[in-house]
Amino acid sequence: MKKLFFILLIAFSIIFLVLLVSNQNKEVFIKNPTQYLPPEKLNKLIINTRSKIEKNPEDIISYIELGIAYYQKGIDSYTDAINYLRKAVKLGSMDIRTLFYLGIMYDELNLTEKAFNYYEKYLRNDPNDVYIRLRYGNLYFRLNRYESASEQYETIYAQEPKNQTAIINLALSYKARNMHDKALETFDEAQKLRPVLNSEVLVKIAELYYLKNDFVNAELYYKRVLKDKEESVIALTGLCQTYLKMNRNKEAKKYIEQILTYDPNNEQVKKILKKGL
């Protein structure tokens with residue numbers, strides 16, 4: 001009986017330690033610059049950690065801590081950060097944090113193949129990490145691989161149906177794939193969560209309605225942009241083109257004049273004027 005109790009105690013202890021380490025790893029992931037240590041603390045950490053490595057050149061944990069410290073110093077220090085993290089990997093590190101930070105840094109340095117490699121490795125270890133999956137999808141989007149981007153955003157949407165950022169990005173990927181109805185439906189889902197969308201998103205919705213020849217709704221959304229950003233040349237131009245389609249030429253001319261006050265060299269509206277509007 002005592003032997004069984006001892007075995008169970010060891011088993012529970014192992015499970016507790018695994019959960020504790022897992023939770024600690026999640027807490028130490030830096031997903032926002034507001035989490036960065038102040039420069040004085042970073043410099044002190046770097047000095048102390050380097051001295052540990054001098055004493056023990058195979059101190060894997062110190063290489064990881066040093067890499068993360070340089071990561072927090074910003075993009076100009078990414079070379080050092082990458083070198084230290086890769087050294088930890090070379091020494092046999094299985095720490096998932098190396099995959100996390102290497103993926104982000106390669107992404108921000110536009111080393112896309114390496115970024116893909118580390119994002120994929122990381123997500124195989126933690127497929128439910130929304131932050132990295134969103135970055136992974138955004139990388140596909142920037143490379144115009146819109147179908148793959150949609151797949152990543154759809155995965156997040158299934159996991160977190162109230163994640164507005166993922167829903168908006170999903171709608172944008174559908175728009176890029178010329179899936180106009182699907183994009184509008186998805187934008188509608190985003191607005192149900194929080195009705196106030198930023199001007200860039202509102203412009204995309206207006207463009208979709210314009211492409212569908214729904215000029216009434218296109219006008220509505222362009223005006224929503226101008227309500228908060230009256231100098232938005234993109235919205236003014238879109239509204240001008242919408243009015244031309246609706247044969248409301250006087251209103252179109254009014255907005256052309258407004259565009260030229262903000263952007264006197266706008267060739268697009270100058271061409272419209274030359275047509276004799």
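A. Representation of the overall build of the protein in the model. Secondary structure summary: the protein contains 15 helices and zero strands in total. Total accessible area on the protein is roughly 16600 Å²; 53% of this is exposed by carbon and sulfur atoms.

B. Looking closely at the packing of aromatic side chains. Counted according to the given criterion, the structure contains 19 aromatic pairs. Members of the aromatic cluster, connected to one another through ring pairs, are Phe 29, Tyr 36, Tyr 71, Tyr 78, Phe 100, Tyr 101, Tyr 122 and Tyr 131. Across the ring face of Tyr 118, the terminal group of Lys 121 is positioned such that the distance to the ring centre comes to 5.3 Å.

C. A look at unusual backbone geometry. The backbone of Asn 178 sits at a positive phi, close to 60°, despite the residue not being glycine. For Asn 178, a relative accessible area of 61% corresponds to the exposed category. For Asn 247, which is not glycine, the phi dihedral falls at a positive 60°. One can find Asn 247 in the loop between α13 (233-245) and α14 (249-262).

D. Structural detail: a nonpolar patch on the surface. On the surface, Ile 75, Leu 109 and Leu 111 cluster together into a nonpolar patch covering about 230 Å² of accessible area. Following the sequence through the fold, Leu 111 ends up in the loop between α5 (96-108) and α6 (112-125). We classify Leu 111 as partly exposed; its relative accessible area is 39%.

E. Quick peek at the pattern of salt bridges. Overall, the coordinates contain twelve salt bridges when judged by the stated rule. The closest approach of N and O atoms between Asp 95 and Arg 97, which form a salt bridge, is 2.7 Å. Overall, the relative accessible area of 17% leaves Asp 95 in the buried class. As a salt-bridge pair, Glu 219 and Arg 248 come within 3.3 Å of each other at their nearest N and O atoms.

F. Region of the structure containing the packing of helix α4 (residues 78-90) against α5. Where α4 meets α5, the closest approach of the two axes is 10 Å, and the angle between their N-to-C directions is 145°. The handedness of the crossing between α4 and α5 comes out as left-handed. Residues Tyr 78, Ala 81, Ile 82, Leu 85, Arg 86 and Val 89 of α4 touch α5, and the partners they reach there are Thr 98, Tyr 101, Leu 102, Met 105, Tyr 106 and Glu 108. For the contact of α4 with α5, the class distribution of residues is nine nonpolar, one polar and two charged.

G. Examining the confidence of the model for the protein more closely. In the predicted model, the protein carries a mean pLDDT of 90, and the fraction of residues at 70 or more is 88%. Between residues 14-26, whose pLDDT stays under 50, and residues either more than four places distant or in other chains, the model counts three contacts.

H. Quick peek at helix α2 (residues 39-55). The end-to-end C-alpha distance of α2 is 25 Å, a good match for the 24 Å that 17 residues give at a rise of 1.5 Å each. Each element contacted by the buried residues of α2 is listed here: α3 (60-72).

I. Layout of a positive patch on the surface. Together, Arg 86, Lys 114, Lys 121 and Arg 124 make up a region of like positive charge exposed at the surface. In this structure Arg 124 comes out as exposed when scored by relative accessible area, which is 61%.

J. Summary view of the environment of Ala 183. Assignment of secondary structure puts Ala 183 in helix α10 (residues 180-193). Owing to a relative accessible area of 0%, Ala 183 belongs among the buried residues under this scheme. For the pair Ala 183 and Lys 204, spaced 21 residues apart in sequence, the C-alpha separation works out to 9.7 Å. Leaving out residues up to four positions away in the same chain, Ala 183 has contacts with Ala 171, Tyr 174, Lys 175 and Leu 208.

K. Focus on α3. The end-to-end C-alpha distance of α3 is 19 Å, a good match for the 18 Å that 13 residues give at a rise of 1.5 Å each. Summarising burial for α3: ten of the 13 residues are buried, a large majority. Three or more residues of α3 are buried, namely Ser 62, Tyr 63, Ile 64, Leu 66, Gly 67, Ile 68, Ala 69, Tyr 70, Tyr 71 and Gln 72. Summarising the contacts, the buried residues of α3 are in contact with α2, α4 and α5.

L. How the structure looks around the side chain of Arg 135. The residue Arg 135 is located in helix α7 (residues 130-142) in this model. According to the relative accessible area criterion, Arg 135 is buried, its value standing at 16%. Only 3.3 Å separates the side chain of Arg 135 from the side chain of Glu 108, close enough to count as a polar contact. With near-sequence residues (within four places) excluded, Arg 135 lies in contact with Ile 104, Asp 107, Glu 108 and Tyr 119.

Thresholds applied
Residues numbered from 1 in each chain as written. Predicted model: local features only at pLDDT ≥ 70, side-chain atom pairs only at ≥ 80, totals over all residues. Heavy atoms only, no water. Helix = DSSP H or I, 4+ residues; strand = E, 2+ residues; numbered from the N terminus. Areas by Shrake-Rupley, 256 points an atom, 1.4 Å probe, with all protein chains shown as cover. Phe/Tyr/Trp six-rings, centres within 6.5 Å; stacked < 30°, edge-to-face > 60°. Lys NZ or Arg CZ within 6 Å of the ring centre and 35° of its normal. Buried < 20%, exposed > 50% of the residue type's maximum accessible area, 1.4 Å probe, protein only. Patch = residues over 30% accessible without salt bridge, like charges linked within 9 Å, V, L, I, M, F, W, Y side chains within 5 Å. Salt bridge = Lys/Arg side-chain N within 4 Å of Asp/Glu carboxyl O. Axes fitted to C-alpha atoms, helices over the stretch in contact; angles between N-to-C directions. Left-handed = near helix turned anticlockwise from the far one by under 90°. Contact = heavy atoms within 4.5 Å. Nonpolar A, V, L, I, M, F, W, Y, C, P; charged D, E, K, R; others polar. pLDDT = per-residue confidence, 0-100. Expected span 1.5 Å × (residues − 1). Lys, Arg positive; Asp, Glu negative; His and termini not counted. Charge placed at Lys NZ, Arg CZ, Asp CG, Glu CD. Polar contact = N/O pair within 3.5 Å; in protein donor to acceptor, adjacent residues only side chain to side chain.

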